[in-house]
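Given next are the chains, with one letter for each unit.
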Amino acid sequence: MKRKPSAETQFGSAGSPPKKQPRQDPVSCESCRRKKSKCDRGYPCGNCAMRKLECLYSTGGSGVMKSGSHTEERPTLDNIRLEPPLTVQRSIRIDSETQQSNRNEPLLTADWLETIVMGHRVPSAIPAPLRAELSQNQQSEHSSLRQNTVPGVQSAMIRRDPIAARENPATVHLPSYLPPKAEALSLFRYYCNYLDFQYHLIIQSQVERQIETIYEQVACNESINFGYAALLFSIVASAIYYKLLMESSEYADLCSQETTFLAGAALIQGNYIAYPTIEGLQATMIIGHYLSNMNLPPSVSSFCVHRSFMSQATSMRLHLVDSSRSVDERAANGSDKTNVELRRRLWWDLATYDCGPQEGTYTVQPQHMKVREPLNVDDKDIEHAEAGLPLSSPTDMSYSLCRMRLAVVCRHIVDETAGYHLNGQEVPYEKILELDRELHKACAGIPSFFRFDQISRREFATLYRERPTLAWQRSIVQQGYHSRLCRLHRHYFVRGSKDPRYSYSHVISLQSARKILEVKRMMDEQEPVFTPHSSMIWSVMHHVFMAAVILLIDVCFNWDDILAEKRKEEVLDACRMLSRAQQSSPIAREGISAMMDILRKHCKQEKRPISSGSHADPPASSISNVTANFSQADLVTATSLGPKRVCFAPQVSDCQPILLSESVSDPLPLEDMWTEMLDGTAYTELETPDWTDLLTELTNVTMPCE
């Protein structure tokens, strides 16, 4: 039982009234306490510095307040005199550093309690020698972090403790995590120059005004526009990811994840699901198009998938932008032409986006929408343009319009062939040739500045130097058309090498595959060079992998061809291209690993007959039984890429090695895997529909960027 306090305890030893315990002074500044915001207790704190407010701290019973000076930028670890210990570091620590950190933990805790909680009200409790050691350790940490900072990106973007794991997105104080205005504008310009050309989801001048509005609202201590904030954070997340990717993929992932979390937090606080906005839709589409969904914070990832895009777009009636009712409302009430044109662009991006990797279906039915094609004009001319320019005139929208026209053909191919596929029937070859003519007609309609022939390249060389994004878009357009030709003819590709009736499919597939690889070489070797590198654009590398597999299948089915050795070298050259991309780009590494898993699942290695006098081949079951004796974890996979170990079974001769993996340090190179598939003593046994299933699975593989 709890004892009652004695009289002596209640009234003191002399019967005097009890003494009141002194109340602990608040440790947050006055401004943060009034706003109930999280205060970092700096001098000035981050919130006051951002709002340009006087930062005042209570110092006890005297009522005297201490104030801090103001700066334009948010304080970082360099200009805050003493900070709480960094519990989570952005770089991977080796064991010795971890041990050193553990030894200093009591010292750091004591310093934190003394400096932050007690302030300057008590003398130092830490001896001078220990304080000197602590200061040296902190300087060493700051120096290490500075070395990992990439030029052009504020160190605070990398050094900040991870917030996604410890903050509630509905309550996180977003203004505290805004980058300095100069840095935000710098990353925005990087996005406009090097990323926006792929999808063109924003109008640069409009977003620049929105960014200015955010910082004006913060300066005036007003609530920020959550849609604008979500769009800014999504642009920063994409730009910082690609800007850091070549320097440090770990920092790129961490920084983009944190900033993506902030974009999602802005959407949640703005109640985006119930009240969607154009800026919120732009934010989610930017994240979904440019960043890997596999690495998004769980609290945010549901916003950034195609189903969510479509749901929010239809909620805002983007599919009815040019319906008679919408046109009448604009005529009666007036409208912002830029906003109307932006809505058309966003809707058509969604309507054409799912006509890419998916096979046999699409989301947007043209009869269920009423949206005109966007005008072929530059962004700066939208307000003054009554009609668009002809497609032969290069503009900011030329590439998007070419994508739309390719998507229309792909949608028609789905409509014409889906019935056969769903009923388990083969598409008649006459239908394939008819659709082939339609694709070639659309390809012939590509404007001259998007063609790869020698005459066009010379004619528009000056234009490519002035507008390098047009040169990059030209490459992606060409790869897109040739990959669709390969896909259309895949069912008759192998038969065309043996049966003259289908030889056209065999020839056109090989031509298109070689064209895809040629385009990739030109991206890497000729001006203007891609920024970021073309290996970081997954759609490019997906086309390259599919083209390499087409060449691989041709060699495996025609291993006795007179040009077999030359074709093997052609395949290995494409494999080296994939290997270089795998080593230089985490995005390529992630996607190629997923596709290699599928390729190895379909490939069976068996001995090929070398001569008529050679011994009979062992049955396929012999090799299957050998591999079955090993666990699935022992087999080489594209994700683990374990090194090779040669194992011989009693039934298999020494000339038939089976490659298995061992848990040792050196990985098996990608080229070695493909060399095994092309080995003179082995062939890839694929029958129809095995090889068509292989191509279909590779086409529909889960991509790093959705």
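Notes on the structure in this doc start here. (Residues numbered from 1 in each chain as written. Predicted model: local features only at pLDDT ≥ 70, side-chain atom pairs only at ≥ 80, totals over all residues. Heavy atoms only, no water.)

The next subject is the nonpolar core. Judged by nonpolar contacts, the single largest core of 166 residues is most densely connected at Phe-545 and Trp-674. Element by element, the count of residues in this core is highest for helix α23 (residues 538-557), at 15 residues. Residues contacting Phe-545, with those up to four places away along its chain left out, are Leu-578, Ile-592, Met-595, Met-596, Leu-599, Trp-674 and Leu-698. Judged by nonpolar contacts, the second largest core, of seven residues, contains Cys-32, Cys-39, Cys-45 and Cys-48. (Core = buried A, V, L, I, M, F, W, Y, C linked by side-chain atoms within 4.5 Å. Buried < 20%, exposed > 50% of the residue type's maximum accessible area, 1.4 Å probe, protein only. Helix = DSSP H or I, 4+ residues; strand = E, 2+ residues; numbered from the N terminus. Contact = heavy atoms within 4.5 Å.)

Our focus in this paragraph is the side chain of Ser-512. Here Ser-512 shows up in helix α22 (residues 503-525). On the accessibility criterion, Ser-512 (2% relative accessible area) is buried. Excluding residues that lie within four positions of it along the chain, Ser-512 makes contacts with His-482, Leu-485 and Cys-486.

The relation between two aromatic rings is expressed through the spacing of the ring centres and the mutual angle of the planes. Applying the stated criterion across every chain, the model contains 14 aromatic pairs. Look at Trp-472 and Phe-530: their rings are 5.4 Å apart centre to centre, the planes differ by 35 degrees, and that puts the pair in the tilted class. Remark: Phe-530 occurs in the loop between α22 and α23 and Trp-472 occurs in helix α20 (residues 468-488); sequence separation between them is 58 residues. For Trp-472, a relative accessible area of 3% corresponds to the buried category. Note on Phe-530: relative accessible area 5%, which makes it buried. Sitting over the face of the ring of Tyr-464, Arg-474 holds its NZ or CZ atom 4.6 Å from the ring centroid. (Phe/Tyr/Trp six-rings, centres within 6.5 Å; stacked < 30°, edge-to-face > 60°. Lys NZ or Arg CZ within 6 Å of the ring centre and 35° of its normal.)

Here α20 contains 21 residues, and its C-alpha end-to-end distance of 31 Å stays within 8% of the 30 Å for a straight helix at 1.5 Å per residue. Burial within α20 is extensive, with 19 of its 21 residues counted as buried. (Expected span 1.5 Å × (residues − 1).)

Considering all chains together, one arrives at 25 salt bridges under this definition. The partner of Glu-434 in a salt bridge is Lys-431, and the shortest N-O contact between them spans 3.9 Å. Residue Glu-434 and its partner Lys-431 are both found in helix α17 (residues 429-444); the two are separated by three residues, about one turn of the helix. Residue classification places Glu-434 among the partly exposed positions, given a relative accessible area of 36%. With its nearest N and O atoms 2.6 Å apart, the salt bridge here joins Asp-524 to Lys-520. You can see Asp-524 and its partner Lys-520 sitting in helix α22, four residues apart, about one turn around the helix. For Asp-524, a relative accessible area of 29% corresponds to the partly exposed category. (Salt bridge = Lys/Arg side-chain N within 4 Å of Asp/Glu carboxyl O.)

A separate point is helix α25 (residues 586-602). The first and last C-alpha atoms of α25 sit 25 Å apart over 17 residues, in line with the 24 Å expected at 1.5 Å per residue. Within α25, the full set of buried residues consists of Pro-586, Ile-587, Ala-588, Gly-591, Ile-592, Ser-593, Met-595, Met-596, Ile-598, Leu-599 and His-602.

Right, let's get into the packing of α22 against helix α24 (residues 564-584). In contact at an axis separation of 11 Å, α22 and α24 are set at 45 degrees when each is read in the N-to-C sense. Relative to α24, the element α22 lies oblique. Once α22 is placed against α24, the crossing between them reads as left-handed. Taken together, the residues of α24 that come into contact with α22 (itself represented by Arg-514, Leu-517, Lys-520 and Arg-521) are Arg-567, Glu-570, Asp-573, Ala-574 and Met-577. Of the residues that constitute the contact of α22 with α24, the class distribution is three nonpolar, no polar and six charged. (Axes fitted to C-alpha atoms, helices over the stretch in contact; angles between N-to-C directions. Parallel < 35°, antiparallel > 145°, perpendicular 65-115°, else oblique. Left-handed = near helix turned anticlockwise from the far one by under 90°. Nonpolar A, V, L, I, M, F, W, Y, C, P; charged D, E, K, R; others polar.)

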